[in-house]
Amino acid sequence: MPLLSIFLLPLLLPSSLAQKKGNLSPETHPPFQWAQCTSPTNCTTINSSLVLDANWRWVHDVKYRNCVEQNPDGTQWWNPAVCDLGDESPASTNNCTSKCLLEGAGDYRSSYGITTTNATLMQKLVTRIEFATNYGSRLFLLEKKDRYQTFVLLGNELSFEVDLSTVGCGVNAALGFVAMDADGGVERHEPWNEAGAEYGTGYCDGWCQDRQRFVGGRAATNKQGARGYQWQSDGACCPEFAVWNSNAHSYSMSSHICENDDYEPCPGPWCDPTYYDPDERGVPPKCARKGCEYNPYRMGAKEFYGKGKLVDTTRNVVTRWEEDRQYQFFIQDGKRIDVPAPTWDGLPKQSGLSKEMCDVQANVFMEQDIWAVHNGWPTHQRQVLSRPMVLVTSIDAADWYTWNTWLDSSKIPPYDDRDPGVERGPCPWEDNEPSIARASNGQAKVVWSNIRFGPIGSTVEL
């Protein structure tokens, strides 16, 4: 086929092939309030709403048969009884994309454990419904019905209150910003994506999130398993600033830069969660999964954060994005508490992310420096700080690859806990296996409230 024909083909596809909305359950976005501030005493309440990520939704055909089946370990497959999976050609992908409808979330509270009241949002880890159990959720803040709210971080700050008192080991309650398309990918992935932001489509992050049902608006049917097509490697990459990965025992802030500035599907080895080995593969990961990170426990301040420690699990968190440094502090009992500086030799004597910190962190912690592969701090300033980003909140215990040990535990042996950066938190790594974490955290919930955004110095009064 001539090269010109390859580029023209998507323009000739009928809209019947697109990812469509279902019509069985209504999509009623739960209301949510946040504040846009110009000073601590001048904040405007924004009446907005939230939308559930498409990956949590029921996907079915016109006969209401499940398009997707799932194992307890999170592996999924497209149902061969619904869509023709005779081969791995684009025709099979098109078939699943056109036949499978993305359903409205219906009752967010009873089905997904999501409750909002004015400026407060609660997300439960486990929600039991008839004949099924839902684990976790991921939500996006909306500007309007079919468009995500976006924020530019540089020169601004974010404050919020969070209650993590019931969120135990192996669970991650997260708030952050990702470089998603504000319309959910409708324009970028035309004609494939008709559902858009209204139905929570287009997620991507700096981990190149795998196990996505739809990538680039199309059904991800790249791998064949015993019961149809499974996917474990396909994902979607984009720059990310993780403001708050956390539970009651540990937390971290991190920036994740990528090869490209925008949403990019990542098939096969480019989305592989294993470490980059230039001798074996020769191609670095699309994004810096580990990124540049600041976790106080990992930096040596083991008595700073957690139940019964200096900063407990129900306080106000403030994040500031200055040009040369991004850092956090807490407001507790009306007082400001700054995050401690690192104790390890070779690291800057100042908390937070900076060029100095990000340039040396991988070397001090004896890790591969994918941050440097993607040109480090200049890329961070361009991709993460200076472009519109979408606000995301989530709770889950679905890290089947590393068991969230990167957040609250130690690397799985044979690593030595005495080495710099190995310990990320006090949790026993064995307890972080996702099925164990879910079983032992049946009552876990995260409560976010009083989210404020504005220029540095505008969201809290000190």
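- Naming follows an unreviewed UniProt entry, where the protein appears as Glucanase of Podospora pseudocomata.
- The record in UniProt for the protein states the following under Sequence similarities (unreviewed entry): "Belongs to the glycosyl hydrolase 7 (cellulase C) family."
- Its UniProt record gives the protein a comment under Catalytic activity (unreviewed entry), which states: "Hydrolysis of (1->4)-beta-D-glucosidic linkages in cellulose and cellotetraose, releasing cellobiose from the non-reducing ends of the chains."

1. Comments concerning the overall build of the protein
- Within the protein, the regular secondary structure consists of 8 helices and 31 strands.
- Here the protein holds 462 residues, and the buried ones make up 57% of them.
- Of the roughly 19300 Å² that the protein leaves accessible, carbon and sulfur atoms contribute 50%.

2. Let's talk about the packing of aromatic side chains
- If you walk through the whole model with that rule in mind, you get 20 aromatic pairs.
- Aromatic pair Tyr251 and Phe330: ring centres 5.7 Å apart, planes at 75 degrees, arrangement edge-to-face. Of the two residues, Tyr251 sits in strand E23 (residues 251-256) while Phe330 sits in strand E27 (residues 325-332), which places them 79 residues apart along the sequence.
- We classify Tyr251 as buried; its relative accessible area is 2%.
- Here a set of aromatic residues connected by ring pairs shows up, and it is made of Phe160, Trp244, Tyr251, Phe304, Tyr305, Phe330 and Trp448.

3. Looking at the sheet that holds strand E7 (residues 101-102)
- What the 3 strands build is an open sheet, ordered E1-E7-E4; its pairing is mixed. The open sheet has two edge strands with one neighbour each: strand E1 (20-21) and strand E4 (59-60).

4. Let's talk about helix H4 (residues 355-364)
- Buried within H4 we find Met357, Cys358, Gln361, Ala362 and Val364. What you see down the axis of H4 is that its buried residues fit within an arc of 160 degrees, all on one side. Those residues of H4 that are exposed and angled more than 90 degrees off the buried face are Glu356 and Asn363.
- Packing partners of the buried residues in H4 comprise strand E25 (292-294), strand E29 (353-354), helix H5 (370-373) and helix H6 (376-385).
- Met366 occupies a position one or two residues after H4 and carries a positive phi of about 55 degrees.

5. What to know about the nonpolar core
- Core analysis: the biggest nonpolar cluster contains 82 residues, and Phe160 and Trp244 have the highest contact counts within it.
- Per element, the largest residue contribution to this core is 5 residues, and it comes from strand E30 (residues 389-396).
- Filtering out sequence-adjacent residues up to four positions away, Phe160 remains in contact with Leu175, Val243, Trp244, Arg315, Asn316, Val317, Trp448, Ser449, Asn450 and Ile451.
- With 14 residues, the next largest nonpolar core counts Ala54, Cys100, Tyr199 and Ala219 among its residues.

6. Considering the pairing of strand E22 (residues 240-246)
- Judged by how many residues are buried, E22 sits mostly within the fold: 7 of 7 residues are covered.
- Across 5 bridges, the pairing between strand E16 (residues 172-178) and E22 is antiparallel. Note that in E22 the partner of Leu175 across the bridge is Trp244.
- Inspection of the sheet shows E22 paired to E23 by 5 bridges, in the antiparallel sense. Considered in E23, the bridge of Ala242 is made with Ser254.
- The turn linking E22 back onto E23 is made up of 4 residues.

7. Things to note about the side chain of Thr116
- Inspection of the secondary structure assignment puts Thr116 in strand E8 (residues 114-117).
- Only 2.7 Å separates the side chain of Thr116 from the backbone oxygen of Pro31, close enough to count as a polar contact.
- If we skip the residues at most four places from it in the chain, Thr116 touches Pro30, Pro31, Phe32, Leu50 and Leu121.

8. What to know about a nonpolar patch on the surface
- The grouping of Leu24, Trp58 and Tyr64 at the surface amounts to a nonpolar patch, some 290 Å² of accessible area in total.
- Secondary-structure assignment places Trp58 in the loop between strand E3 (42-52) and E4.
- For Trp58, a relative accessible area of 32% puts it in the partly exposed group.

9. A few points about the state of the cysteines
- Under the counting rule described, the total for this entry stands at 8 disulfides.
- Bridging Cys37 to Cys43, the disulfide has an S-S length of 2.0 Å. A torsion of 110 degrees about the S-S bond marks the disulfide between Cys37 and Cys43 as right-handed.
- The exposure class of Cys37 is buried, given its relative accessible area of 1%.
- With a sulfur-sulfur separation of 2.1 Å, Cys292 is cross-linked through a disulfide to Cys358. Because the sign of the S-S torsion sets the handedness, a value of about -90 degrees for the bond joining Cys292 and Cys358 places this disulfide among the left-handed ones. Of this pair, Cys292 sits in strand E25 while Cys358 sits in helix H4, and the two are 66 residues apart along the sequence.

10. With respect to the pattern of salt bridges
- Tallied over the full model, the rule gives 22 salt bridges.
- With a shortest N-O distance of 2.9 Å, Arg298 and Glu293 are connected by a salt bridge.
- Since its relative accessible area comes to 3%, Arg298 is described here as buried.
- Judged by its relative accessible area of 7%, Glu293 is buried.
- One salt bridge connects Asp312 with Arg315, and the closest N-O pair in it is separated by 3.2 Å.
- Given the relative accessible area of 22%, Arg315 is considered partly exposed.
- One continuous salt-bridge network, built from bridges that share partners, spans Lys290, Glu293, Arg298, Glu367 and Arg424.

11. Description of unusual backbone geometry
- Here the bond from Glu190 into Pro191 is cis, since omega is 5 degrees, no more than 30 degrees from zero.
- In this structure, Pro191 sits in the loop between E16 and strand E17 (214-215).
- The phi dihedral of Asn375 falls on the positive side, at around 70 degrees, and the residue is not glycine.
- As for its position among the elements, Asn375 is in the loop between H5 and H6.
- One non-glycine residue with positive phi stands out, namely Asn404, at about 60 degrees.
- Considering the arrangement of structural elements, one finds Asn404 in the loop between E30 and helix H7 (405-408).
- The class for Asn404 is buried, based on a relative accessible area of 4%.

Cut-offs used in this document
- Residues numbered from 1 in each chain as written.
- Predicted model: local features only at pLDDT ≥ 70, side-chain atom pairs only at ≥ 80, totals over all residues.
- Heavy atoms only, no water.
- UniProt positions renumbered as here; feature names shortened; annotations may be inferred.
- Helix = DSSP H or I, 4+ residues; strand = E, 2+ residues; numbered from the N terminus.
- Buried < 20%, exposed > 50% of the residue type's maximum accessible area, 1.4 Å probe, protein only.
- Areas by Shrake-Rupley, 256 points an atom, 1.4 Å probe, with all protein chains shown as cover.
- Phe/Tyr/Trp six-rings, centres within 6.5 Å; stacked < 30°, edge-to-face > 60°.
- Pairing = 2+ DSSP bridges.
- Arc of directions from axis to C-beta.
- Contact = heavy atoms within 4.5 Å.
- Core = buried A, V, L, I, M, F, W, Y, C linked by side-chain atoms within 4.5 Å.
- Polar contact = N/O pair within 3.5 Å; in protein donor to acceptor, adjacent residues only side chain to side chain.
- Patch = residues over 30% accessible without salt bridge, like charges linked within 9 Å, V, L, I, M, F, W, Y side chains within 5 Å.
- Salt bridge = Lys/Arg side-chain N within 4 Å of Asp/Glu carboxyl O.
- Disulfide = S-S within 2.5 Å.

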